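# A closer look at the structure
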Amino acid sequence: QLQLVESGGGLVQPGESLRLSCAASKFTLDYYAIGWFRQAPGKEREEISCINSSGGSTNYADSVKGRFTISRDNAKNTVNLQMNTLKPEDTAVYYCAARRRFAMCSNDEADFASWGQGTQVTVSS
């Protein structure tokens, strides 16, 4: 099965940036739609961004639009999430997840069958 690993999380101050990466073994990620999700303490997990298998279509939650950018690096078999102008409200565990069927994004997280372990992002002064 597809195994995903997130990296790049950490502790930053408000206004700073982080770049998260989602890497896979065994399978090529360009066959999958890849979503980024986050879960803050006491809240439901939410989808914040997604990129389809071709990379030609992306979407973002309103809360991160204009600040976060999702992209593929097929040479490295990764999907990245550049997070700029981070806010305390962005503090959460961030997960990447993959959807193979139709290789396109979905608003239903149940459609994403493979998940990484999560990486902690903390934004605090």
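The present account deals with the structure reproduced in this document. As the structure is a prediction and not an experimental result, all values here were calculated from the model.

Thresholds, definitions, all that
- Residues numbered from 1 in each chain as written.
- Predicted model: local features only at pLDDT ≥ 70, side-chain atom pairs only at ≥ 80, totals over all residues.
- Heavy atoms only, no water.
- Helix = DSSP H or I, 4+ residues; strand = E, 2+ residues; numbered from the N terminus.
- Buried < 20%, exposed > 50% of the residue type's maximum accessible area, 1.4 Å probe, protein only.
- Contact = heavy atoms within 4.5 Å.
- Disulfide = S-S within 2.5 Å.
- Pairing = 2+ DSSP bridges.
- Axes fitted to C-alpha atoms, helices over the stretch in contact; angles between N-to-C directions.
- Salt bridge = Lys/Arg side-chain N within 4 Å of Asp/Glu carboxyl O.

The next thing to look at is the environment of cysteine 96. Looking at the element boundaries, cysteine 96 is found in strand E9 (residues 92-99). Cysteine 96 sits in the buried class, given a relative accessible area of 0%. Through-space distance from the C-alpha of cysteine 96 to that of asparagine 80 is 9.5 Å; in sequence the pair is 16 residues apart. What cysteine 96 contacts, discounting residues up to four positions off in sequence, is Leu4, Glu6, Cys22, Ile34, Gly35, Trp36, Ser114, Trp115 and Gly116.

Counted according to the given criterion, the structure contains two disulfides. Across a sulfur-sulfur distance of 2.1 Å, cysteine 22 and cysteine 96 are joined as a disulfide pair. Between cysteine 22 and cysteine 96, the S-S dihedral sits near 70 degrees, and the bridge is therefore right-handed. Linking cysteine 22 in strand E3 (residues 18-25) with cysteine 96 in strand E9, this pair joins segments that are 74 residues apart in sequence. The partner cysteine of cysteine 50 in its disulfide is cysteine 105, sulfur to sulfur 2.1 Å. Every disulfide takes its handedness from the sign of the S-S torsion; for cysteine 50 and cysteine 105 that torsion is -100 degrees, giving left-handed. Of this pair, cysteine 50 sits in strand E5 (residues 46-51) while cysteine 105 is found in the loop between E9 and strand E10 (114-115), placing the two residues 55 residues apart along the sequence. By relative accessible area, which is 0% here, cysteine 50 ends up buried. Residue classification places cysteine 105 among the partly exposed residues on the basis of a relative accessible area of 21%.

Right, let's get into the sheet that holds strand E7 (residues 68-73). In space, the four strands of this open sheet follow the order E1-E3-E8-E7, with antiparallel pairing throughout. Each edge of the open sheet is held by one strand with a lone partner, namely strand E1 (3-7) and E7. Within the sheet, the average angular offset between the axes of one strand and its neighbour, ignoring direction, is 20 degrees. When E3 meets strand E8 (residues 78-83), the two strands line up antiparallel, connected through six bridges. Of the residues in E8, the one forming a bridge with serine 21 is asparagine 80.

Only one face of strand E11 (residues 119-123) is buried: it carries Thr119, Val121 and Val123, and the other face, with Gln120 and Thr122, is open. Of the pairings in the sheet, the one linking strand E2 (residues 10-12) to E11 comprises three bridges and is parallel in character. When the bridges of E11 are listed, leucine 11 appears paired with threonine 122. Examined bridge by bridge, E9 and E11 share three bridges and lie antiparallel to one another.

With that settled, the discussion passes to the pattern of salt bridges. All told, the structure shown has six salt bridges when counted by the stated rule. Among the salt bridges present, the one from aspartate 90 reaches arginine 67, with a minimum N-O distance of 2.7 Å. Of the two residues, aspartate 90 is situated in the loop between E8 and E9 and arginine 67 in the loop between strand E6 (58-60) and E7; the sequence distance between them amounts to 23 residues. Note on accessibility: aspartate 90 and arginine 67 belong to one class, buried. Members of the salt-bridge network, linked through shared partners, are Arg38, Glu46, Arg67 and Asp90.

Nothing here speaks to function; it is all geometry.
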